[in-house]
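Residue-level structural notes
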Amino acid sequence: MARGRSLLAYAATRGLLAIPMLLILLTAVFFILRVLPGDPVLALWGGREPPPEIVEAARHELGLDKPPWLQYLDYMSRVFRGDLGRSIGEFYRGKPVWGEISSRLPATVELSVGSMLVASSVGIVTGVVSGARRDTRLDVVLRLYGTVIWVIPIFWLGVLFQIVFAIWLGWLPPHGRWQGTDFPHPVTGMYTIDSLLERNPAHFWTALRHLVLPCLTLGLVLSGFFTKTVRANMLRTITADYAEAAHARGVPGRKIVTRHAFRNALVPVVTVLGLQFAILFAGAVITEKTFSIDGIGLLLLESVVSKDMTMIQGIVVVYATIIVGVSLVIDILGAVVDPRIRL
Amino acid sequence: MRLLPRVHLEDWLPRHSIVGRIVHPLFEERRTLAGRMTWIGLGLLVAFIVVAVGANVIAPFDPILPADEKNVPPWTEAVVNRNETFTGWTGNWTLLSAAQSINRVGATSNLAGQVEVLRSFALDVKRDAVLSVGLEVLVLSNGTDAGHYPVLEVSRDAGMTWLARFEVRTTDRLERIDLSAFAPWHAWDLTRESFRVRITHASEAGAAGNLTVDFVGATAQWKSFWHLMGTDAIGRDVFSRALYGTRTSLIIMIIAVSAAFAVGFPLGLYSGYRGGNFDKILVLVMDSLYAFPGLLFAGLIAVLLGKGVVNIALAITVIYVPLYFRVTRSQVLSTREELFVEAARALGAKPRRIVFRYIAANVIMVIPVIFSISAADAILTAAGLSYLGLGLSGDVPDWGLDLSAGAERIDNGIWWSSFFPGLAIVFLTIGLSFLGEGLNDILNPLAKKERL
């Protein structure tokens, strides 16, 4: 590639690359769902044998009587027009898929953002300390923390927190997002932000208390990854030429860590953040189940149980779009921060 | 004095054979942090394999059949209290079916001398450590004439012999009769088949007259077995299930990881060596799959394949194929440019020979690391699938399944049936990731350079 490649050109090519990625994911999901055992039409009838003309009508309505390739094109074109169809499952039959998803999205976003905050703050602090004090006892402890916390099952940590902090100590609520029926006025759907918009500290406190355990659970597990990555990058930057040069100039060690090593260590972290989002979403599904938070994850589980094809497709489309979009943004962000990536 | 000649590893395992390149550093660096982690991980893994193989021998109870009382806490012998009424009777008392209820008129007899035998007390004593046995009787004044009273006798051998006679002279009060003093009681005395209670209508005021017994119940108190990790909601031993669960987890892990290796490694070798459009498309597809949440992807495929250990393992495979592919391919790309490959090519070696003899042999060095890391992840994924209800189901002893069944009951303070299966997962995954991380530090020369 040419050396003077502009940021805009990089962003454009990266954006173009995102499209086939999305296409491949949607195609994979389409085919997996088509071969899923269990006829959705029969499932609608609760296992009883419906009259054949009704089966035909329902199949026609769902477009299942068309040849597969036509169904595929139909599905793709509708997805790109933003039409996710209507649910065919037993829980949400006839309701628009996007409506259901958008009503569940705020809970998942709240959980994900909160967990990411916990993960990055805990992970960066432990990683920097561990890297700056390498080969000391503290470093060994923090490295072990990073390795161990990363392989602890989220649901087990969640159950542990529930037992200790909610049931034995009674400090925090064990389940759900809200207590009582006095909900904050819905603007964004995220209770913390809504209650802040209302300027109601009692509401905000309730929302926050319900968020602490889920975010801590998911965030701590994800922080292991940050600890390891930040530590590795710290080791690289702390021994880099510019850090040694600073040392030679007589800059104190603490300043080298904060000014030189720390800042440069964070750049590669931003770029691996994109991969973290896929893990974050999978983790969010488990966390939602553990803490009974009705976000998209629980919706997905319900739809898988009831074989609600359109709902599953819709949720996967939303997940895939968010993941591809986020990795696009992060790659571009990485290129802004570190011009070498554009090469 | 040395009885055995000193064994040199070098004599048995050449340093530069494929296995030797892993084993030698393992012994030489055993005192470093990475070496210690590797050995701890290896030890844990071996321990789990031993447990999986020897689960039949080690497990004190059956993993599927209820072995004891429900919800016995860990590390204790719980005292189990049972109070059961009968479900079968023979005799000529009337209205007997209502006798089990304490607030409705129970069994009535209108003639002295009538005999009723009550049987099938569902005491279900699980262990022969009976602390006490008793009867509870309530005679109603409403429906009982003066001078009429019941006489109770118990039998431990299905009515062949009758022990003790108790006359219940009080009315409207639950009379508790302690039978413990009579004879030593055993679990087999209290089964549905052997334990009987006979009530006889006795009278001091002539034969005609009513007697109404509202409630007859048998009570038993016994000590449960001692359980290391307690019992679950059906009375299965959590420890035994955790032991057998090791087997399930290891089988899923081995199938998933080997299948992912069998698909991803050759694809990565071929794609990396050949390059071109084939490589580009494959990379794009693999990257797309890698970007999507693996757990959800595996969940969809698990629903597609149906439940069962092998099916779940294959569903999980899908997540790790891209991982093996990527690692192998990137390793091939760097090895391809090495001097010895160049030399082989210059000497006229065929591409097949170059790939398998020169490149694959070097690339395979990174596989143990990836193997243990993906194995840890596969166990987490399998447990996660079971937890979400997309994986295994039914009676199969599986950590994720047990954890999710137990998680619903922690609000009642029953923490052990979800805590311990999770602990097992944690130990196995920690072992595998220690192994992976340690091996990575030891085997990867780049990381080693960085450590210095």
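Residues numbered from 1 in each chain as written. Chains lettered and ligands numbered in written order. Predicted model: local features only at pLDDT ≥ 70, side-chain atom pairs only at ≥ 80, totals over all residues. Heavy atoms only, no water.

Taken together, the contact between chain A and chain B spans 48 residues of the former and 44 residues of the latter. When the two sides are added together, the surface that chain A and chain B hide from each other amounts to roughly 4,300 Å², 80% of it contributed by carbon and sulfur. On the chain A side of the contact with chain B, Val151(A), Phe155(A) and Trp156(A) bury the most area, a combined 15% of that side's loss. Our count for the contact surface shared by chain A and chain B stands at 2 salt bridges. Lys228(A) is the partner of Glu437(B) in a salt bridge, and the nearest nitrogen-oxygen pair spans 3.5 Å. Those elements that place two or more of their residues in the side of chain A that touches chain B are helix H1 (7–34), helix H6 (137–150), helix H7 (154–168), helix H9 (201–238), helix H11 (253–290), helix H12 (296–305) and helix H13 (309–337) of chain A. When its residues are assigned to classes, the side of chain A that touches chain B shows 38 nonpolar, 4 polar and 6 charged. (Contact = heavy atoms within 4.5 Å. Buried area = accessible area lost by both parts, 1.4 Å probe. Salt bridge = Lys/Arg side-chain N within 4 Å of Asp/Glu carboxyl O. Helix = DSSP H or I, 4+ residues; strand = E, 2+ residues; numbered from the N terminus. Nonpolar A, V, L, I, M, F, W, Y, C, P; charged D, E, K, R; others polar.)

In this section: empty space enclosed by the protein. Counted according to the given criterion, the structure contains 3 cavities of 30 Å³ or more. One number sums up the size of the largest cavity: a volume of about 90 Å³. What lines the largest cavity is Ala107(A), Glu110(A), Leu111(A), Gly176(A), Arg177(A), Tyr191(A), Thr192(A), Ala207(A), His210(A), Leu211(A), Pro214(A) and Ile293(A). At the level of elements, helix H5 (97–132), helix H8 (191–198) and H9 of chain A are the ones that each hand at least two residues to the lining of the largest cavity. Considering each element in turn, the lining of the largest cavity owes the most residues, 4 residues, to H9(A). When grouped by side-chain class, the residues that make up the lining of the largest cavity number 7 nonpolar, 3 polar and 2 charged. Its boundaries defined by the atoms lining it, the second largest cavity holds a volume of some 50 Å³. For the lining of the second largest cavity, the elements supplying multiple residues, two or more each, are helix H5 (238–274), helix H11 (367–388) and helix H12 (399–407) of chain B. Tallied by class, residues from the lining of the second largest cavity come to 6 nonpolar, 2 polar and 1 charged. (1 Å grid on protein atoms, 1.4 Å probe; cavity = no way out; pocket = protein on both sides within 12 Å on 5 of 7 lines; lining within 4 Å. Points joined across faces, edges and corners; volume = space filled by probe spheres on them.)

Note: most residues except glycine have negative phi, and most peptide bonds are trans. One non-glycine residue, Asp135(A), lies in the positive phi region at around 65°. Structurally, Asp135(A) can be placed in the loop between H5 and H6. Phi at Asp172(B) is positive, roughly 60°, even though this residue is not glycine. You can see Asp172(B) is positioned in the loop between strand E6 (163–167) and strand E7 (175–178).

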